[in-house]
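# An overview of the molecular structure
Each chain is listed here by its residues.
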Amino acid sequence: MNISQQRDAARPRARGTERSMARRAELIAIGRKLFADTSYDALSMDDIARQAHVAKGLIYYYFQSKRGYYLAIIQDSVADLVTFAASGGELEAVDRVHRTIDSYLRYAEHNQAAYRTIVSGGVGFDTEVHSVRDGVREAIVATIAEGAYGRTDIAPVARMGLLAWVCSVEGATLDWIDRPELSRDIMRELLVKTLGGALRAVEELDPAYRAPHPARREP
């Protein structure tokens, strides 16, 4: 199930009026602010309803449970992250890779709590939240593959090389937003260069996947 399907599945059935969808979106926006400052376990449904200035039953009506509410918030954050990272499709391949990484870093920088939740997998070992996180990874891999190879249906070696790079980006970005000692520009260029290393490693193991010219080293 991809990100869009996960997001659609979390929407309430038979409540598709514009007004109800706007109300639901409003509750998600409120929840993103609440969970940005407070952990999942520290907020009860009574706390959420009080701080959101709504009846608790309204949250149950749209999301069925606290966990359902939290999962909807994560999926909303994920959709934003994927949209940010995949922007710039009209650009040349090399420029698109730069745009993808820069957009990814911008999102993490300006949505730190949501980014931490997405990358860490949410509350404990929650298989649905981990599935959402894995969907983000696959979306980023597909975006980079499109920019580097001109397609998304890539061989296992190429996919694993890009996935390993994405996982390393997650760890580095978490550290960067906690200790922003590098500018975003420097961080972006560092990640671009490490991506070049990953692309060259893929080519060594599978010559059918040649690293694009900017990632190649002159002899």
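Structure's up top.
Treat the numbers as computed from the prediction; the structure is a model and nothing was measured.

About the thresholds
- Residues numbered from 1 in each chain as written.
- Predicted model: local features only at pLDDT ≥ 70, side-chain atom pairs only at ≥ 80, totals over all residues.
- Heavy atoms only, no water.
- Phe/Tyr/Trp six-rings, centres within 6.5 Å; stacked < 30°, edge-to-face > 60°.
- Helix = DSSP H or I, 4+ residues; strand = E, 2+ residues; numbered from the N terminus.
- Buried < 20%, exposed > 50% of the residue type's maximum accessible area, 1.4 Å probe, protein only.
- Axes fitted to C-alpha atoms, helices over the stretch in contact; angles between N-to-C directions.
- Parallel < 35°, antiparallel > 145°, perpendicular 65-115°, else oblique.
- Left-handed = near helix turned anticlockwise from the far one by under 90°.
- Contact = heavy atoms within 4.5 Å.
- Nonpolar A, V, L, I, M, F, W, Y, C, P; charged D, E, K, R; others polar.
- 1 Å grid on protein atoms, 1.4 Å probe; cavity = no way out; pocket = protein on both sides within 12 Å on 5 of 7 lines; lining within 4 Å.
- Points joined across faces, edges and corners; volume = space filled by probe spheres on them.
- Core = buried A, V, L, I, M, F, W, Y, C linked by side-chain atoms within 4.5 Å.
- Patch = residues over 30% accessible without salt bridge, like charges linked within 9 Å, V, L, I, M, F, W, Y side chains within 5 Å.
- Areas by Shrake-Rupley, 256 points an atom, 1.4 Å probe, with all protein chains shown as cover.
- Salt bridge = Lys/Arg side-chain N within 4 Å of Asp/Glu carboxyl O.

## Notes on the packing of aromatic side chains
Tallied over the entire structure, the rule returns five aromatic pairs. Seen in terms of ring centroids, Y62 and F63 are 6.3 Å apart; in terms of plane orientation they differ by 50°. Their pairing is tilted. A ring pair is formed by Y149 and Y209, whose centres lie 5.1 Å apart and whose planes are at 85°; its orientation type is edge-to-face. With Y149 in helix 8 (residues 127–149) and Y209 in the segment after helix 10 (184–205), this pair connects stretches of sequence that are 60 residues apart. Take Y149 and Y209: they sit in the same class, and that class is buried.

## Some remarks on the packing of helix 7 (residues 112–120) against helix 9 (residues 156–178)
Helix packing geometry: the angle between the two helix axes and the distance between the axes. Put simply, helix 7 and helix 9 touch, their axes get as near as 11 Å, and they point 150° apart. One finds that helix 7 runs roughly antiparallel with respect to helix 9. In this structure, helix 7 crosses over helix 9, and the sense of that crossing is left-handed. Here Q112, Y115, R116 and V119 of helix 7 come into contact with helix 9, specifically with V169, E170, T173, L174, I177 and D178. Of the residues contributing to the contact of helix 7 with helix 9, the split by class is five nonpolar, two polar and three charged.

## Regarding empty space enclosed by the protein
Evaluated as defined, the whole model comprises one cavity of 30 Å³ or more. In this structure, the largest cavity encloses a volume near 60 Å³. Around the largest cavity, the lining residues are T100, I101, Y104, I140, W165, V166 and V169. For the lining of the largest cavity, the elements supplying multiple residues, two or more each, are helix 6 (93–110) and helix 9. In the lining of the largest cavity, the residues fall into six nonpolar, one polar and no charged.

## A few points about the nonpolar core
Counting 64 residues, the largest nonpolar core has Y69, Y149, L162 and W165 as its most contacted members. A per-element tally of this core places helix 8 first, with ten residues. With near-sequence residues (within four places) excluded, W165 lies in contact with I101, I144, L191, T194, L195 and A198.

## So, a nonpolar patch on the surface
Taken together, the side chains of L182, I186 and L190 make up a nonpolar region of the molecular surface, amounting to roughly 260 Å² of accessible area. For L190, a relative accessible area of 42% translates into the label partly exposed.

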